[in-house]
Amino acid sequence: MNEVISVRGIAVWAPGYNDLRSWLCGSRDEAIEAPSSRLLSVRARGRASLLTRMFAEVIQQALGESGTDPGAVPLICASAFGEIQITGQLLEMMNRGSGALSPARFQNSVHNAAVGQLSIATGNRLYSTALSAGDDTLLVALLEALAWLRIEGGETVVAVADESPIPPFNSRLCFTPLACALHLTADPSASNTYGRLVAVRMTENPPGVDLAPEMRDNPCAIGLPLLETIAKRKSAILPLSLAKGPGWCLEYDANEVCT
Amino acid sequence: MTLPTTSRPELTIVDYSTCNALGMSNAEVIRSLRQGVCGLRPHPNFEGAVCGAVPEPLPPLIFQLSEFDTRVNRLAAVALEPMRSSIQKAIRRWGADRVALVVGSSTAGIGTTEEAYTAFKQTGSLPSGYRFEHKHSYSNLVYVMRQLSGIRGPGYVVSTACSAAAKAFCSAGRLVSAGFADAVLVGGVDALCQITVRGFRSLHILSDRPCRPFGKERNGLNIGEGAAMFVLEREGEGPARLLGWGESSDAYRFSTPAPDGSGIISAMQGALRRSGLVPEDIDHINAHATGTRINDAAEGRAIAEIFPPSVRVVATKGYTGHALGAAGAIEAALSIMAIEHGWVPVSLGAEPLDPEVPLQVTLRSEPVPSRFVLSNSFAFGGSNACIALGSTV
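On to the interface of chain A and chain B, then. With 59 residues of chain A at the contact, the number on the chain B side is 63 residues. Between chain A and chain B the total buried area reaches about 5300 Å² when both faces are included, carbon and sulfur atoms providing 64% of it. Area buried by chain A at its contact with chain B is led by Phe106, Arg125 and Phe169 of chain A, which between them contribute 12% of it. Between chain A and chain B we count three salt bridges in total. In this assembly, chain A and chain B are joined by 19 residue pairs in polar contact (both at pLDDT 80 or more).

Written out as structure tokens, the structure is:
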């Protein structure tokens, strides 16, 4: 059983922001509409949804901080709405002509499209999974990762990403796409770590968070204050859910860094 | 919760319930299974495609949950109903915050969204009762199950297509083993919908007759639906135990398994390792066995690679169809029925067997005790999961 879970790498991608540094500086580049997603082959990139490309990008960036091979780390991808853009394309196909679907689009509509494509692209034959829990999506992805690390040890990368629902379903729910990732390790001797995840606990009054208006409805946006805290090397108790009322928090200690 | 040190627990399945093409309750399902009833028939809503629909209309959700009334949530509610007292007992024993919820699903409310989108195309507006936030996403399934059960621990959906429910068991086992929960309501649920039926048709792997897993004449799969739910506790008494689990990725192709079965072998070996069993201990294997030529051949090679030729292999999708994200849970329920009742079901449709599949596929219902059973589930993206179940005696 492994007790010390540390952060080795973190990453963010959103339109206009290629990485965590540009996000933290607020240096928006209007030309950035899609990530480079170099983990995927050129062919796979061309077919992949923005969601899958965002997952590929943040996983590569988070693992890249320590030079970790993406083919050798369990992948945990979580999303509240999943491949919603491709689902929209399938709905449209169903209502046109014969109503037949594209087999490629159908395959890529599954919630585990990103982990499947990434495991193929990187030759990763380990455990991977795809989860969903609405406003609790980051929370459950972290719990899944912590449970894995406590039992199996080693490392894992946790990524959350979401795109806004498609018309006509976005009248009440419209937000900017966003992806966040954390590379976690249970290896106490791992180098180049940030701080340590101390505890995950239910709290009656979780601390509030101040999110940009275009991000407020994105279930993954709750990851932004966490990653900002880690990047700025602060210790804090941070909320893990956008849900109102009593909620789960993460206690993060920036001072216990392995070097 | 601070991360407490925990030892490897014994995980007991204290209760379970399923509804699927064979029936609306455990009693109906086991009766149909014993009688060799096939639940597959042409479905008028899917251009006559042979499907495994549940045999009765599904009752609507209670009034307080009417905004969340979708077919998948109704299926979950039907499976939960017989387990109310077991769930309440777990909550009283461990506390509502210490009971988690992990469900496998691949469709959630997409069937309702399909109808809403078609209405939108025809009329220019969504149906008045449709709200995307309440009907479509996986979180609605979690919400409805929480409301019906009273569970307040962490709740989520594992959605890895056809391996989802088996992986829900793996996640549930880890949550308890790691000390994040003392009990888990775990299972799987999926409903028939146009996208899955038409999607598999587009891949040319839908069979136009009831599927023939491992059979010489197999030519594809049938889509099914249903739910199966289980109360899993750190310790207790019940019909079966979750002994172990294994997961792997093929890293081969998105919708074709590695032909040498290497990913499947890795998942089965993982389940054996965690459960402390060796291949000779396994009494029968509930195979994923969808009825497609390539998938059954890869699984057959994998099983033959590590198990003795005498191990019985059961294929149950000839009864229920392939319930996708619910399949692993439904087949875990069928496996527990075999353990409880000391018999192994016939692999419906398998005869005559494919001589290229070197397995002891069950062709007759046999009254033999099963102490240790493996159940396999595989999926798009090369996602593999295997769970090990055991008797409590």
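Turning to the packing of aromatic side chains, a few remarks are in order. Here a ring pair, both rings aromatic, is described through the centre-centre distance and the interplanar angle of the planes. Applying the stated rule across the entire model yields 15 aromatic pairs over all chains. Where Tyr17 of chain A meets Trp23 of chain A, the ring centres are 4.9 Å apart and the plane angle is 75°; that geometry is what we call edge-to-face. Looking at Trp23 of chain A, the relative accessible area reads 15%, which means it is buried. A centroid spacing of 4.2 Å and a plane angle of 10° characterise the contact between Tyr127 of chain A and Trp148 of chain A, whose relative ring orientation is stacked. Here Tyr127 of chain A, found in the loop between α6 (113-122) and β3 (128-132), pairs with Trp148 of chain A, found in helix α7 (residues 137-152); they are 21 residues apart in sequence, far enough to count as distant. As far as the burial class goes, Tyr127 of chain A and Trp148 of chain A line up, both buried. What links up through ring pairs into an aromatic cluster is the set Phe81, Phe169 and Phe175 of chain A together with Tyr117, Phe120, Tyr130 and Phe132 of chain B.

This paragraph deals with the nonpolar core. What tends to happen in soluble globular proteins is that the nonpolar side chains get buried as a cluster. Leu178, Leu184, Leu226 and Ile230 of chain A together with Phe230 of chain B are the most contacted members of the largest nonpolar core, which totals 97 residues. Sort the elements by how many residues they give to this core and α7 of chain A lands first, with twelve residues. If you look at the next biggest cluster of nonpolar residues, it comprises 40 residues, including Ala77, Val78, Val103 and Val142 of chain B.

On to the side chain of Gln194 of chain B, then. Its location among the elements puts Gln194 of chain B in helix α8 (residues 194-202). Overall, the relative accessible area of 17% leaves Gln194 of chain B in the buried class. Leave out the neighbours within four places in its chain, and Gln194 of chain B touches Met94 of chain A together with Asn45, Phe46, Glu114 and Gly199 of chain B.

Bringing the pairing of strand β13 (residues 372-379) of chain B into the picture now. All names here are of chain B. Most of β13 sits inside the fold, with eight of its eight residues counted as buried. By the alternation rule, side chains of β13 split into Phe372, Leu374, Asn376 and Phe378 and Val373, Ser375, Ser377 and Ala379, which are all buried. When strand β10 (residues 284-286) meets β13, the two strands line up parallel, connected through three bridges. What sits directly across from Asn286, in β13, is Ser375.

The next thing to look at is the pattern of salt bridges. This structure, assessed with the given rule, holds 25 salt bridges over all chains. Among the salt bridges present, the one from Arg93 of chain B reaches Glu233 of chain B, with a minimum N-O distance of 3.2 Å. Of this pair, Arg93 of chain B sits in helix α3 (residues 84-94) while Glu233 of chain B sits in strand β8 (residues 226-233), placing them 140 residues apart in sequence. With relative accessibility at 42%, the residue Arg93 of chain B sits in the partly exposed group. Among the residues examined, Glu233 of chain B registers a relative accessible area of 6% and is labelled buried. The residue Asp182 of chain B makes a salt bridge to Arg98 of chain B at a minimum N-O spacing of 2.8 Å. Placement of the pair is Asp182 of chain B in the loop between α7 (164-177) and β6 (183-190) and Arg98 of chain B in the loop between α3 and β4 (99-104), with a sequence separation of 84 residues. Counted as one network, the salt bridges with shared partners bring together Glu144 of chain A together with Lys167, Arg174 and Glu247 of chain B.

Before going further, it helps to spend a moment on helix α4 (residues 84-94) of chain A. Taken across its eleven residues, α4 of chain A has nine buried, putting it largely inside the fold. Among the residues making up α4 of chain A, those that are buried are Ile84, Ile86, Thr87, Gly88, Leu90, Leu91, Glu92, Met93 and Met94 of chain A. Close packing links the buried residues of α4 of chain A with α5 (103-108) of chain A together with α4 (110-123), α5 (132-135) and α8 of chain B.

Our next topic: the packing of helix α3 (residues 50-64) of chain A against α6 of chain A. Helix-helix packing is described using two parameters, namely the angle between the two axes and the distance between the axes. Residues and elements named next belong to chain A. Contact pair α3 / α6: the axes reach a minimum separation of 9 Å and the direction vectors enclose 55°. Considering the angle they form, α3 stands oblique to α6. The way α3 lies across α6 gives a crossing that is right-handed. Contact residues: Thr52, Phe55, Ala56 and Ile59 in α3; Ala113, Ala114, Gln117 and Leu118 in α6. Its residues placed into classes, the contact of α3 with α6 shows six nonpolar, two polar and no charged.

End to end, helix α12 (residues 327-341) of chain B covers 21 Å across 15 residues, agreeing with the expected 21 Å (1.5 Å per residue, within 8%). For α12 of chain B, the tally of buried residues reaches 13 of 15 residues, placing the bulk of the element in the interior.

All right, on to unusual backbone geometry then. Note the cis peptide between Pro167 of chain A and Pro168 of chain A, where omega equals 5°. With respect to the secondary-structure elements, Pro168 of chain A resides in the loop between β4 (155-162) and β5 (178-185). The peptide bond linking Glu351 of chain B to Pro352 of chain B adopts the cis configuration, its omega dihedral lying at 0°. Examined against the element boundaries, Pro352 of chain B turns out to sit in the loop between α12 and β12 (360-361). Of note, Ala251 of chain B is a non-glycine position whose phi angle comes to about 55°, a positive value. Phi angles above zero are rare outside glycine, and Leu324 of chain B is one such case at about 55°.

Residues and elements named next belong to chain B. Pairing within the open sheet is mixed, and its three strands lie in the order β2-β3-β7. Whereas interior strands pair on both sides, the edge strands pair on one side only; in this sheet they are β2 (41-42) and β7 (223-224). Pairing geometry for β2 and strand β3 (residues 50-52), over two bridges, is antiparallel. The partner of Arg41 across the bridge, within β3, is Cys51.

With that settled, the discussion passes to the side chain of Ser149 of chain B. All names here are of chain B. By secondary structure assignment, the location of Ser149 is in helix α6 (residues 138-149). Judged by its relative accessible area of 2%, Ser149 is buried. A distance of 2.6 Å separates a polar atom in the side chain of Ser149 from the backbone oxygen of Met145. Apart from the residues lying within four places of it in its own chain, the contact partners of Ser149 are Ile87, Gln88, Ile91 and Leu185.

Definitions and limits used
- Residues numbered from 1 in each chain as written.
- Chains lettered and ligands numbered in written order.
- Predicted model: local features only at pLDDT ≥ 70, side-chain atom pairs only at ≥ 80, totals over all residues.
- Heavy atoms only, no water.
- Contact = heavy atoms within 4.5 Å.
- Buried area = accessible area lost by both parts, 1.4 Å probe.
- Salt bridge = Lys/Arg side-chain N within 4 Å of Asp/Glu carboxyl O.
- Polar contact = N/O pair within 3.5 Å; in protein donor to acceptor, adjacent residues only side chain to side chain.
- Phe/Tyr/Trp six-rings, centres within 6.5 Å; stacked < 30°, edge-to-face > 60°.
- Buried < 20%, exposed > 50% of the residue type's maximum accessible area, 1.4 Å probe, protein only.
- Helix = DSSP H or I, 4+ residues; strand = E, 2+ residues; numbered from the N terminus.
- Core = buried A, V, L, I, M, F, W, Y, C linked by side-chain atoms within 4.5 Å.
- Pairing = 2+ DSSP bridges.
- Axes fitted to C-alpha atoms, helices over the stretch in contact; angles between N-to-C directions.
- Parallel < 35°, antiparallel > 145°, perpendicular 65-115°, else oblique.
- Left-handed = near helix turned anticlockwise from the far one by under 90°.
- Nonpolar A, V, L, I, M, F, W, Y, C, P; charged D, E, K, R; others polar.
- Expected span 1.5 Å × (residues − 1).

So yeah, pure geometry; function would need other evidence.
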